[in-house]
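# A closer look at the structure
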Amino acid sequence: LTCEAEMTASAPEIQARPADAPAARPASGSRGCCWAVLRRLVGSSTPLWQRCIVVLVLYACTIFIFAAIFKELELPTERAAAEAYEGDLASLREAVLSLTNSTSKRAELLGFVRRIQDFAEKTAAAPSLDNPNWDFGGSVFFAMTLTSTIGYGTFAPQTPGGKAATVLLGTVGIVVTGLVLAVLGEAWSLCIGRAAKGCTRARKDESEQLRTRRDATAHCWAAALLGVAMLLIGAALLHATEGWDYGDALYATWVTASTVGFGDFAPSPRGAMAYIIIIASLALFAAIVDALTTCVAAFSDSPEDQGDEPREHEEAAHAGMASTAGHRA
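Residues numbered from 1 in each chain as written. Predicted model: local features only at pLDDT ≥ 70, side-chain atom pairs only at ≥ 80, totals over all residues. Heavy atoms only, no water.

The number of helices and strands found in the protein chain is 10 helices and zero strands. Going from N to C terminus, the protein chain has its helices and strands arranged as α-α-α-α-α-α-α-α-α-α. Relative to its full complement of 329 residues, the protein chain shows a buried share of 32%. Within the protein chain, residue pairs in contact and separated by at least 24 positions form 70% of the contacts whose partners lie at least 6 positions apart. For the protein chain, the exposed area adds up to about 20,900 Å²; of that, 63% sits on carbon and sulfur atoms. (Helix = DSSP H or I, 4+ residues; strand = E, 2+ residues; numbered from the N terminus. Buried < 20%, exposed > 50% of the residue type's maximum accessible area, 1.4 Å probe, protein only. Contact = heavy atoms within 4.5 Å. Areas by Shrake-Rupley, 256 points an atom, 1.4 Å probe, with all protein chains shown as cover.)

Here it is in structure tokens:
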């Protein structure tokens, strides 16, 4: 009877609905579907190794798309500037040679022109037709330094379109890089945690606070050792690929990992080793900072909090004595 009454009450509402009324749309559209797929791929329920692969593929696609855009915007302007530079250099050479008829003086003056040319190329002030900054490899390098906020300053966009693209694409790329570093940093943290767990042993008689501090200390030491290893290996790779002094390579590795990016030592845009060092060092540096923060938080308990634990034990002891006395009575 109750069911029949409810159906009778809802019948007018069903009849009142127009026949041609559009059906209710599902709550999730195409945007919601894409977002749900992304959340499923990088969510915590997905295995960590699968998330690492997904974010690396996402990062590579983002960098390649950005590089193609920057190449189309900047390369024609750079080629025009390189042709103008070559023309100016040729006219300067002819002007210098016309100053004297002496063969020895001409050789000396040509050597001076070569010194000027070498200086301009070293300071990246002179674009080159044979080795432009904004080819695809150089554009990939710029996109990585942009999205990682390192900003070496080796070269920068010169056209209005390139500058506008830097603002827009840089904002999107920084978000994508943050997601990538979060997942890769989690993987590094897992490695650090396993290394720290293997170096410590739990004790049955220690309190929860002492156990937390001991684990945090071991975690911090493992992160520090892994960070030192990363600096040494990265410096060795830069020393071998870039030809820098090992001390300068060590300095450049830290500048890259910390995203300071002074620009006095910047890896070659066409060196694949630079890309590996940038991604690995950034993720590991984030994991090290997280480990140090955890360690500081574990030792930052106030004296009042530390004094509460003995007081609680004392009150529990008094309560136990009172209960024992009651039972005896």
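A contiguous nonpolar surface patch, about 310 Å² in accessible area, is contributed by Val-228, Leu-232, Tyr-246 and Leu-250. When contributions to the nonpolar patch are tallied by element, the ones reaching two or more residues are α7 (208-242) and α8 (246-257). Topologically, Val-228 is positioned in helix α7. (Patch = residues over 30% accessible without salt bridge, like charges linked within 9 Å, V, L, I, M, F, W, Y side chains within 5 Å. Salt bridge = Lys/Arg side-chain N within 4 Å of Asp/Glu carboxyl O.)

Attention now moves to the environment of Thr-241. Looking at the element boundaries, Thr-241 is found in helix α7. Owing to a relative accessible area of 44%, Thr-241 belongs among the partly exposed residues under this scheme. Separated by 30 residues in sequence, Thr-241 and Gly-271 place their C-alpha atoms 7.6 Å apart. In this structure the side chain of Thr-241 is engaged in a polar contact, spanning 2.8 Å, whose partner is the backbone oxygen of Leu-237. (Polar contact = N/O pair within 3.5 Å; in protein donor to acceptor, adjacent residues only side chain to side chain.)

Moving on to the packing of aromatic side chains. Counting across every chain of the model gives 10 aromatic pairs. A centroid spacing of 5.0 Å and a plane angle of 80° characterise the contact between Trp-134 and Phe-155, whose relative ring orientation is edge-to-face. Of this pair, Trp-134 sits in the loop between α4 (103-122) and α5 (136-147) while Phe-155 sits in the loop between α5 and α6 (160-199), and the two are 21 residues apart along the sequence. We classify Phe-155 as buried; its relative accessible area is 11%. (Phe/Tyr/Trp six-rings, centres within 6.5 Å; stacked < 30°, edge-to-face > 60°.)

Once that is clear, we can look at the pattern of salt bridges. Enumeration over the complete set of coordinates arrives at one salt bridge. Residue Glu-186 is joined to Arg-51 by a salt bridge in which the shortest nitrogen-to-oxygen separation is 3.0 Å. Taken as a pair, Glu-186 in helix α6 and Arg-51 in helix α3 (residues 48-97) lie far apart in primary sequence, 135 residues in all.

Unusually for a residue other than glycine, Thr-149 sits at a positive phi of about 65°. Along the polypeptide, Thr-149 turns up in the loop between α5 and α6. Residue class for Thr-149 comes out partly exposed when judged on its relative accessible area of 43%. One non-glycine residue with positive phi stands out, namely Thr-259, at about 60°. Mapped onto the elements, Thr-259 comes out in the loop between α8 and α9 (272-298).

Grouped together as the largest cluster of nonpolar side chains are 34 residues, with contacts concentrated most on Phe-70, Met-144 and Leu-184. Residue assignment for this core shows that the elements contributing at least two residues are α3, α5, α6 and α9. The residues contacting Met-144, other than those within four sequence positions of it, are Tyr-59, Ile-63, Tyr-275, Ile-278 and Ile-279. Formed by 11 residues, the second largest nonpolar core is a distinct cluster that contains Ala-223, Met-230, Ala-257 and Ala-287. (Core = buried A, V, L, I, M, F, W, Y, C linked by side-chain atoms within 4.5 Å.)

Taken as a whole, this structure holds one cavity of 30 Å³ or more when the rule is applied. What the largest cavity holds in volume is close to 40 Å³. Residue lining of the largest cavity: Tyr-152, Leu-238, Ala-252, Thr-256, Phe-265, Pro-267, Ala-274 and Ile-277, and that is the complete set. When residues of the lining of the largest cavity are traced back to their parent elements, those giving at least two are α8 and α9. A breakdown of the residues in the lining of the largest cavity according to their chemical character gives seven nonpolar, one polar and no charged. (1 Å grid on protein atoms, 1.4 Å probe; cavity = no way out; pocket = protein on both sides within 12 Å on 5 of 7 lines; lining within 4 Å. Points joined across faces, edges and corners; volume = space filled by probe spheres on them. Nonpolar A, V, L, I, M, F, W, Y, C, P; charged D, E, K, R; others polar.)

Taking 1.5 Å of rise per residue, 12 residues should cover 16 Å, and α5 covers 16 Å from first to last C-alpha, within 8% of that figure. Most of α5 is tucked away, with 10 of its 12 residues classed as buried. Among the residues making up α5, those that are buried are Gly-138, Ser-139, Val-140, Phe-141, Phe-142, Ala-143, Met-144, Thr-145, Leu-146 and Thr-147. Looking one or two residues past α5, Thr-149 carries a phi angle of roughly 65°, positive in sign. (Expected span 1.5 Å × (residues − 1).)

So, on to the packing of α3 against α5. Interhelical geometry of α3 versus α5 gives an angle of 120° and a closest axis separation of 8 Å. Judged on the interaxial angle alone, α5 and α3 are oblique. The element α3 and its partner α5 pack so that their crossing is right-handed. Taking contact as the criterion, the partners of Tyr-59, Ile-63, Phe-64, Phe-66, Ala-67, Ala-68, Phe-70 and Lys-71 in α3 are, on α5, Phe-136, Ser-139, Val-140, Phe-142, Ala-143, Met-144, Leu-146 and Thr-147. The residue makeup of the contact of α3 with α5, split by class, is 13 nonpolar, two polar and one charged. (Axes fitted to C-alpha atoms, helices over the stretch in contact; angles between N-to-C directions. Parallel < 35°, antiparallel > 145°, perpendicular 65-115°, else oblique. Left-handed = near helix turned anticlockwise from the far one by under 90°.)

These figures capture arrangement, not role.
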